[in-house]
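If you want the building blocks of each chain, they are given just below.
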Amino acid sequence: MKFATRLIHGSHSIDPATGALSIPVSQTSTFAQKSVDHFGKYDYSRSGNPTREALEEAVASLEGGSHAYAFGSGMAAISSTLMLFAPGDHLVVCEDVYGGAFRAMTKLFSQWGLKVTFVDATDLDAIEDAIIPATKAIYLETPSNPLLKITDLRGAARIAKDRGLLTIVDSTFMTPYLQRPLELGCDIVLHSGTKFLNGHSDVVCGFAVVNDEKLAHRIRFVQNAFGAILGPQDCWLTLRGLKTLKIRMEESQRSAVRIAEWLSVNPKVKRVLYPGLKSHPGYETHRSQTSGPGAVLSFELEDYPLTKKVLEGVELSAFAVSLGGVESIISYPARMSHAAMPSSERTARGISDTLVRFSVGLEDADDLIADFARLLT
Ligand SMILES: *Cc1c(COP(=O)(O)O)cnc(C)c1O
């Protein structure tokens, strides 16, 4: 079955008990048991819930994985995955990692003895050079947030495999429709399902996906022991949002290509960061490991007053944090997604005060361009 068909008719597309085309919301905390000796498949909703299981199986199948685990947010998925590590363990992490992941690693897990080294992961030699005897994993985001830098996932996974390390990839920007890191040799795929997977700006959720029985058991143990699970109602909403993933991604991506091209010839725009532009340094690598550039782009404006004018003046895009909704969202990494990063770190990474991130929604591209044109001419 091809991807679009799997979105509709993949695992658990019909309720096995009633034939309902929508999986019921099993809004329960506990499940009555019949026997003292043999408990049923479900006993308590932290450990397992039918609606969550349907969503987890759907996401695992789309990523080409054996198991997926749903969490109460992307950060819960990331933090739960970081709990696989022990004091003294070391991770090599891409330098423009999501601000919340940066905060969890440097402010929270550091207290528990986890060590991290940030590297420019577009350079495989830099990844290799940062590996020390205590290194347990390479943690990547490609395209990265908000600079849309591209890491060669096959190359990074090869470096990791040779040394017995895990490769962890936050694939939020791409979704499994455009990029499936497990098929490229990576071990754990993370998502903020809040973004494109659910796609309707009405749920906060996250996923960890693997294709290995042992690793699956380790993450499942954390999910149950730490307990940062996704509730049944949000699982149901995400199952519903997921069905239109392909058409949403296709349409938003088509508009993103047009908008990126339009911005890149605008004299007030200093540079456009989008892996769909041939001028992007990661263009070829990105093409070799995905089936499209996605619907998020960043651009740098000529000065701060113009940046402020655009952020506050756009009418068709919400000025907000987040991305991947049906509504276009314009955001300001320096004060939003990357506010948790000290300004010196931000500057060193190239996240300037005139950088704007744009997540293209489902509005007509002509209207979105006209909205920008008003402010950029
Ligand atoms: C939003 C985001 C996260 C965090 O997810 P939440 O659902 O907000 O907790 C992690 N990684 C990336 C790339 C994101 O865009």
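Here's what I pulled together on the structure shown here. (Residues numbered from 1 in each chain as written. Predicted model: local features only at pLDDT ≥ 70, side-chain atom pairs only at ≥ 80, totals over all residues. Heavy atoms only, no water.)

## Describing the packing of helix α2 (residues 50–63) against helix α9 (residues 232–242)
The cut-off we apply is this: Here the axes come from fitting lines to C-alpha atoms, over the contacting stretch only for helices, and the angles between their N-to-C directions go from 0 to 180 degrees. By definition, any uninterrupted DSSP run of H or I lasting at least four residues is a helix, any uninterrupted run of E lasting at least two residues is a strand, and each is numbered from the N terminus. Note on convention: near helix rotated counterclockwise from far helix by under a right angle means a left-handed crossing. Clockwise means right-handed. The contact definition used throughout considers only heavy atoms, calling two residues in contact when any of these lie within 4.5 Å. Three residue categories are used. Nonpolar comprises Ala, Val, Leu, Ile, Met, Phe, Trp, Tyr, Cys and Pro, charged comprises Asp, Glu, Lys and Arg, and polar comprises the others, including Gly.
Contact pair α2 / α9: the axes reach a minimum separation of 8 Å and the direction vectors enclose 35°. Remark: the crossing between α2 and α9 carries left-handed chirality. Of α9, the residues touching α2 (which contributes T51, R52, A54, L55, A58, V59 and L62) are P232, C235, W236, T238, L239 and L242. Looking at the contact of α2 with α9 residue by residue, the classes come out as ten nonpolar, two polar and one charged.

## Regarding the site of the ligand
Selection rule: Residues are counted as near a molecule or strand when any one of their heavy atoms sits within 4 Å of it. As used in this structure description, the phrase polar contact means that two N or O atoms lie within 3.5 Å; if the pair is within protein, one of them must be able to donate a hydrogen and the other to accept it, and residues adjacent in sequence are counted only when both atoms belong to side chains. Under the convention used here, a 1.4 Å probe and the Shrake-Rupley method define accessible areas, while residue burial counts only the protein chains that appear.
Around the ligand sit 16 residues in total, of which M75, D170, S192, T194 and K195 are the nearest. With respect to the ligand, the side chain of S192 contributes an N or O atom lying 2.8 Å from an oxygen atom. One of the side-chain nitrogen or oxygen atoms of T194 is found 2.6 Å away from an oxygen atom of the ligand. Here the ligand has 380 Å² of accessible area as a free molecule, and 91% of this is covered by the chains. Ranked by residue count, the leading element in the shell around the ligand is helix α3 (residues 74–82), at three residues. Looking at the shell around the ligand residue by residue, the classes come out as seven nonpolar, six polar and three charged.

## Re the environment of G241
To be explicit about the condition: The rule is simple: take the accessible area with a 1.4 Å probe, protein chains only, and divide by the maximum for that residue type; under 20% is buried, over 50% is exposed, in between is partly exposed.
Here G241 lies in helix α9. Owing to a relative accessible area of 3%, G241 belongs among the buried residues under this scheme. G241 sits 41 residues away from H200 along the chain, and the two C-alpha atoms are 6.8 Å apart. In this structure, G241 is in contact with L197, N198, H200 and R248, ignoring residues within four places of it in sequence.

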